Amino acid sequence: VNVQNATRAIQGTGADPALLSIAGPNPYDYNLVATGSSNDHTFTMTNTGGVPATGLAGSGLAAPFTFLGGAFPGTGGTCGASLLAGASCTFVVNYNPATSGVHNDTLQTDYNDGAFPANVTHDVQGTSATPALLAVSDAPFYDYSIQAVGSTTPPTFTITNTGGTTATAMTGGALTANFSFAG
């Protein structure tokens, strides 16, 4: 029996495993949000490794934090099932508190780094309080009593916010004939 050998030239290029990172402060703070309202944030994830990250899947969120629309990468997010080396994508997380207080969570993106399962995490936090609730002094009715025609009697009303968040975009409503805001 004759032993025969065959040779074939082969080559390969080694590269660093995929390494995902999430930009921005950790934890990301949604700040103060009124209960019953919501706030979205778009996160940017980058692959700084040398090979594509595959099998991307977001997890780890529980109410009041969710991926916008319910699933990773969230409505408006651009992340798919893989992320090329040197590329970035986005995902959107919604904070929608139903109760007052401080809320914390950790979002996690699982992926395969080209050799092994891996994940990247990012903490999120938010504080919620009751919505602004304005009360006007002397409400619901203020009696000017009898006034001489042509006279003015400008009372001062006090508006108090008894809610837990700041009232914004306040404007005066329309007043009927014979009444107007001073100035």
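Residues numbered from 1 in each chain as written. Predicted model: local features only at pLDDT ≥ 70, side-chain atom pairs only at ≥ 80, totals over all residues. Heavy atoms only, no water.

Peer 1: For this particular structure, what's the right way to read the nonpolar core?
Peer 2: The nonpolar side chains of soluble globular proteins are, as a tendency, buried together. Membership of the largest hydrophobic core comes to 23 residues, with the highest contact counts inside it found for L20, Y30, F43, M45, L56, F91 and V93. Every element with two or more residues in this core is listed here: β1 (20-22), β2 (28-34), β3 (39-47), β4 (53-59), β5 (65-67), β7 (88-95), β8 (101-112) and β9 (117-129). At four residues, the largest contribution of residues to this core is made by β7. F91 has contacts with I22, H41, T42, F43, M45, F67, F72, P73, G77, C79 and L107, leaving out every residue within four places of it along the chain. (Core = buried A, V, L, I, M, F, W, Y, C linked by side-chain atoms within 4.5 Å. Buried < 20%, exposed > 50% of the residue type's maximum accessible area, 1.4 Å probe, protein only. Helix = DSSP H or I, 4+ residues; strand = E, 2+ residues; numbered from the N terminus. Contact = heavy atoms within 4.5 Å.)

Peer 1: Explain the state of the cysteines here, please?
Peer 2: What we call a disulfide is simply a covalent bond connecting the sulfur atoms of a pair of cysteines. Across all of its chains, the model carries one disulfide by this definition. In this model, C79 is linked to C89 through a disulfide, with the two sulfur atoms separated by 2.0 Å. Disulfide C79 to C89: torsion about the S-S bond roughly 80°, handedness right-handed. Taken as a pair, C79 in the loop between β5 and β6 (82-83) and C89 in strand β7 lie far apart in primary sequence, ten residues in all. Of the two residues, C79 and C89, neither departs from the other in class, the shared state being buried. (Disulfide = S-S within 2.5 Å.)

Peer 1: Help me out: how do you make sense of unusual backbone geometry in this one?
Peer 2: Negative phi is the rule for most residues except glycine; trans is the rule for most peptide bonds. In this structure, P27 follows N26 across a cis peptide bond, with omega equal to 10°. Here the amide bond leading from A63 into P64 is cis, since omega sits at 15°, within 30 degrees of zero. Examined against the element boundaries, P64 turns out to sit in the loop between β4 and β5. Despite not being glycine, N31 shows a phi value in the positive range, around 65°.

Peer 1: Honestly, the sheet that holds β9 in this entry has me stumped. Any pointers?
Peer 2: What holds strands together in a sheet is hydrogen bonding between their backbones, with the strands either parallel or antiparallel. A sheet is described by the order of its strands in space; here five strands give the open sequence β2-β9-β8-β4-β6, paired in mixed fashion. Each end of this open sheet is capped by a strand with a single partner; those strands are β2 and β6. Where β4 meets β8, four bridges bridge the pair, whose relative direction is antiparallel. Looking at β8, one finds that S59 is bridged to Q108. (Pairing = 2+ DSSP bridges.)

Peer 1: I'm lost on the environment of T54 in this one. Help?
Peer 2: Residue position: T54 is located in strand β4. Residue class for T54 comes out partly exposed when judged on its relative accessible area of 35%. A sequence separation of 87 residues divides T54 from F141, and the C-alpha atoms of the two residues are 66 Å apart. If we skip the residues at most four places from it in the chain, T54 touches A81, S82, Y111 and N112.

Peer 1: Help me understand the environment of H103 in this model?
Peer 2: Tracing the backbone shows H103 in strand β8. Looking at H103, the relative accessible area reads 13%, which means it is buried. Distance from H103 to V124, taken between C-alpha atoms, is 8.3 Å for residues 21 residues apart in sequence. Setting aside anything within four residues of it in sequence, one finds H103 in contact with P64, F65, Y95, P97, V124, Q125, G126 and S128. At 2.8 Å, the side chain of H103 and the side chain of Y95 are in polar contact. (Polar contact = N/O pair within 3.5 Å; in protein donor to acceptor, adjacent residues only side chain to side chain.)

Peer 1: Would you mind going over the pairing of β8 with me for this structure?
Peer 2: Within a regular beta strand, the side chains point alternately toward one face of the sheet and then the other, so they alternate between its two faces. Where β8 lies against β9, twelve bridges are found, and the strand directions are antiparallel. Looking at the pairing, T106 lines up with D123 of β9. Here β8 folds back onto β9 in antiparallel fashion, the turn holding four residues, of which G114 has a positive phi close to 105°.

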